[in-house]
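Spelled out, the chains give:
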Amino acid sequence: MKGICKKRCLVDSETPANNRTNVVIVGGGIGGALLAKHLQNHAHVTLIDPKKYFEIAWASLRSMVDLSSAERSLVNYSEFLPQVKLITSYASHITETEVLTAQGDCVPYDYLVIATGHVYSDPVTRSEGLHKYQEAFDKIKYSSSILIIGGGPSGVELAGEIVSEFPDKKITLVHRGPRLLQFIGPKASQKALEWLISKKVEVLLNQSVDLTSSSEGVYQTSGGETVVADQYFYCTGTPSGSLWLKETILKEKLDTQGKLEVDEHLRVKGHRNIFAVGDITNVPELKQGFLAMRHADLTAKNLRLLLRGGSEEKMGVYKPGGPMAFVSLGKKDAVAEVGGFTMSGCLPGLIKSGDLFVGKTRKTYGLNS
Ligand SMILES: Cc1cc2nc3c(=O)[nH]c(=O)nc-3n(C[C@H](O)[C@H](O)[C@H](O)COP(=O)(O)OP(=O)(O)OC[C@H]3O[C@@H](n4cnc5c(N)ncnc54)[C@H](O)[C@@H]3O)c2cc1C
């Protein structure tokens, strides 16, 4: 397998702590970046990600209408991971001993953690990331009508952010499915729909938009409706970060949904030194960032045990999280489903929508809130 490496292998003399065990984390999102923080003083940690910065994913829609949110939710890795070796590239291959990157590095590991929940088409640097939000902000500010395609959490939250910040815009939300927010129950969908309608958002269900047959701000839906909009936003979900694993030794461990099969310790089944955290795992629970953080906490504890030479039998066990989801509706309201109960309005809004947990999340990553 070493023959695959076109560029160079990183050798011990290039690493700052060559007397320590190599832990390689692939993916610096919610789970991977927190794990790197927890482990940076316990092993020689390498983090591989195509971006040079961490982003609090659930603040991204707020960042499109409020640039101060982008300033707080995009953070250079170097700010909170000073001991971590950062490699800015996609990982492309895994052997029994190394990770290979798209730019040609091969990075040896003793322990490997896969945390590639999703692939973002984000820019590489933080300043490019901020520029992307400035562009989205301008697009919204200087248009009078906006089409949002997709009625999952991203589409609904974006509609909520825009009507709250720019109540004069005409917004149309087109969703392919029979109800909004299909990842949670029908009551929550209905509450979100009622809230959007109360803010004069036009919601078209059971329809899709074919962008190729649309022109000059006139869009045809599959239901035969015509939507006129100055701008559109495509909110149909972020691609899964599992595609690259199909070319690796882990390909047999991907289930039909493209999730990695893990055991109760979040170890990839059949591999004693490969773990997985976050949305990439097949843990039976909603795919949520706060759960990816719990995965990172447990994996850090287990890896610290193994790094100290502790027994595998003493590793902690992960218990899947119960159903809990909050979808913000602007800065004051939200709809939430907790343990089968649905709440909507300003009470769940008080919990999530004001700050979107950004201050709390920053603290968790060792940043001032
Ligand atoms: C609109 C919206 C609102 C949300 N609200 C909430 C909320 O209120 N609360 C909550 O808990 N969760 C929320 N979530 C869900 C949450 O964002 C995800 O569950 C969380 O980001 C998953 O974390 P992760 O670490 O598994 O993956 P991600 O955060 O997706 O990170 C994956 C990382 O892997 C990198 N990567 C991908 N492929 C490769 C590769 N081949 N090589 C190297 N790196 C790679 C990516 O660049 C990225 O940095 C929300 C999501 C959305 C879209």
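Scroll up to find the structure this text is about.
The shown structure was predicted, so the numbers you read here are calculated from the model rather than taken from an experiment. (Residues numbered from 1 in each chain as written. Predicted model: local features only at pLDDT ≥ 70, side-chain atom pairs only at ≥ 80, totals over all residues. Heavy atoms only, no water.)

1. Some details on the pattern of salt bridges
Defined as follows: Salt bridges are defined as contacts in which a side-chain nitrogen from Lys or Arg sits within 4 Å of a carboxyl oxygen from Asp or Glu. Accessibility here uses a 1.4 Å probe with only protein chains present; expressed as a share of the type maximum, an area under 20% marks a residue as buried, one over 50% as exposed, and anything in between as partly exposed.
Throughout the structure, instances matching the rule amount to 11 salt bridges. Measuring nitrogen to oxygen at the nearest pair gives 3.5 Å for the salt bridge that ties D263 to R267. R267 gets classed as buried once you look at its relative accessible area, which sits at 10%.

2. Here's the deal with the packing of aromatic side chains
What counts, and what does not: Each Phe, Tyr or Trp ring (for Trp, its six-membered ring) is paired with any other whose centre lies within 6.5 Å, and the angle between the two planes then decides the class: stacked below 30 degrees, edge-to-face above 60, tilted in between. Strands here are runs of E lasting at least two residues and helices are runs of H or I lasting at least four, both read from the DSSP assignment and numbered beginning at the N terminus. By definition here, charges over rings are those cases where NZ of Lys or CZ of Arg is within 6 Å of the ring centre and within 35 degrees of the ring normal.
Applying the stated criterion across every chain, the model contains 6 aromatic pairs. Taking 6.4 Å as the distance between ring centres and 55 degrees as the angle between the ring planes, the aromatic pair formed by Y77 and F80 counts as tilted. Placement of both Y77 and F80 in helix α4 (residues 77–80) is noted, with a separation of 3 residues, approximately one turn of the helix. F80 shares its class with Y77; the two are buried. For the ring pair Y219 and Y232, a centre distance of 5.8 Å and an interplane angle of 70 degrees mean the geometry is edge-to-face. Taken together, the positions of Y219 in strand β14 (residues 218–220) and Y232 in strand β16 (residues 231–234) put the pair 13 residues apart, joining distant regions of the chain. Members of the aromatic cluster, joined through ring pairs, are F54, Y77, F80 and Y365. One cation-aromatic arrangement involves K51 over Y53; the distance from NZ or CZ to the ring centre is 5.2 Å. The ring of F233 has K139 lying over it, and the distance from NZ or CZ to the ring centre is 4.5 Å.

3. Some words on the environment of R362
Quick reminder of the rule: Any pair of residues with heavy atoms lying within 4.5 Å of one another is described as a contacting pair. By the criterion applied in these results, polar contacts are pairs of N or O atoms within 3.5 Å in which, for protein atoms, one can donate a hydrogen and the other can accept it, and in which residues neighboring in sequence qualify only through two side-chain atoms.
Within the element layout of this structure, R362 appears in helix α10 (residues 358–364). In the structure, R362 is positioned 287 residues away from V75 in sequence and 9.1 Å away in space, judged by C-alpha atoms. If we ignore the near neighbours within four places in the chain, the residues touching R362 are I56, R72, V75, L367, N368 and S369. A distance of 2.9 Å separates the side chain of R362 from the backbone oxygen of R72, its partner in a polar contact.

4. So, the sheet that holds strand β6 (residues 85–88)
Applicable threshold: Paired strands, in this sense, are two strands between which DSSP finds at least two bridges. Here an angle of 0 to 180 degrees is reported between the N-to-C directions of two axes, which are lines fitted to C-alpha atoms, with helices fitted over the stretch in contact.
Overall, parallel pairing links the 5 strands, which are arranged β6-β3-β2-β10-β17 in an open sheet. Two strands close off the open sheet at either side, each with one partner strand: β6 and β17 (274–276). Pairs of neighbouring strands in the sheet enclose a mean axial angle of 20 degrees, with direction left out of account. Contacts between helix α8 (residues 289–307) and the sheet are confined to β2 (22–26), β10 (111–114) and β17, with β10 contributing the most and set at about 170 degrees to the helix.

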